[in-house]
Amino acid sequence: MTDAKDLTTPPPISPTAARPQVGRPPLSGRRLGAAASGGLVVLCVAFLGMWLWINSTPATGEQKTTAHLEVFKTTASVAIMIGGFGALYLAARRQRTQEAEHNHAVRTAEITKNHAERVAAATEDDASRRRVTELYTKAGAPRGAWSYPPT
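Residues numbered from 1 in each chain as written. Predicted model: local features only at pLDDT ≥ 70, side-chain atom pairs only at ≥ 80, totals over all residues. Heavy atoms only, no water.

> Is there a simple way to think about a nonpolar patch on the surface in this case?
Judged by side-chain polarity, V78, M81, I82, F85 and L88 come together as a nonpolar surface patch covering roughly 470 Å² of accessible area. Position of L88 among the secondary structure elements: in helix 3 (residues 61–140). (Patch = residues over 30% accessible without salt bridge, like charges linked within 9 Å, V, L, I, M, F, W, Y side chains within 5 Å. Areas by Shrake-Rupley, 256 points an atom, 1.4 Å probe, with all protein chains shown as cover. Salt bridge = Lys/Arg side-chain N within 4 Å of Asp/Glu carboxyl O. Helix = DSSP H or I, 4+ residues; strand = E, 2+ residues; numbered from the N terminus.)

> How do you make sense of the environment of H68 when you look at a structure like this?
With respect to the secondary-structure elements, H68 resides in helix 3. Leaving out residues up to four positions away in the same chain, H68 has contacts with W51, I54 and N55. (Contact = heavy atoms within 4.5 Å.)

> Got a minute to help me understand the packing of aromatic side chains in this structure?
Geometrically, a pair of aromatic rings is defined through the distance of the ring centres and the angle of the planes. Evaluated as defined, the whole model comprises three aromatic pairs. Each ring, one from F47 and one from W51, has its centre 5.7 Å from the other, and the planes form 35°; the classification is tilted. Of this pair, F47 and W51 are both found in helix 2 (residues 29–55), four residues apart, which corresponds to roughly one turn of the helix. Residue classification places F47 among the partly exposed residues on the basis of a relative accessible area of 23%. (Phe/Tyr/Trp six-rings, centres within 6.5 Å; stacked < 30°, edge-to-face > 60°. Buried < 20%, exposed > 50% of the residue type's maximum accessible area, 1.4 Å probe, protein only.)

> Hey, could you run me through the pattern of salt bridges in this one?
Counting across every chain of the model gives seven salt bridges. Residue E70 is joined to K73 by a salt bridge in which the shortest nitrogen-to-oxygen separation is 3.1 Å. With E70 and K73 both in helix 3, this residue pair falls three residues apart, about one helical turn. The salt bridge involving R129 is made with D125; its shortest N-O contact spans 3.0 Å. Placement of both R129 and D125 in helix 3 is noted, with a separation of four residues, approximately one turn of the helix. What makes R129 partly exposed here is its relative accessible area of 38%. The exposure class of D125 is buried, given its relative accessible area of 8%. Linked by salt bridges that have partners in common, R131, E134 and K138 make up one network.

> Even after reading the chapter, I still don't get the confidence of the model for the chain, so can you show me in this structure?
Chain-level statistics for the chain give a pLDDT mean of 79 and a share of 74% at 70 or above. Within the chain, helix 1 (residues 4–8) has the poorest average pLDDT of any element, 52, and helix 3 the best, 89. (pLDDT = per-residue confidence, 0-100.)

Below, the structure written as structure tokens:
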């Protein structure tokens, strides 16, 4: 038989084991809005700077029109690129969060399994000890070891 103390002692669990460890705080609406606003301001300043620079050059009307269209195309390409980087960043955060949740679920399942094994072993040990006690009690009863003679 094993010692009952070993069966009932749970393994040490850190206080933060109940929560998945992600490493970064969740994105707040304020941070996301600030990042989007900052990107929009940078894009507008770049667009305005290129537009004014084209207007200050000594070019003909057709050349300026072509240059303005190129500014529009370039600005739209940069905006799409910034949006793509934002989507890529959000996808990476989602994947990291899902991996952390999966690792947490695996760890929780492992802790639950270990606990169930300890409970089963403790129950088996308790049942065998009860059985031994019951056998000793029944073995002594026919001889009258625990009964007093009538007076």
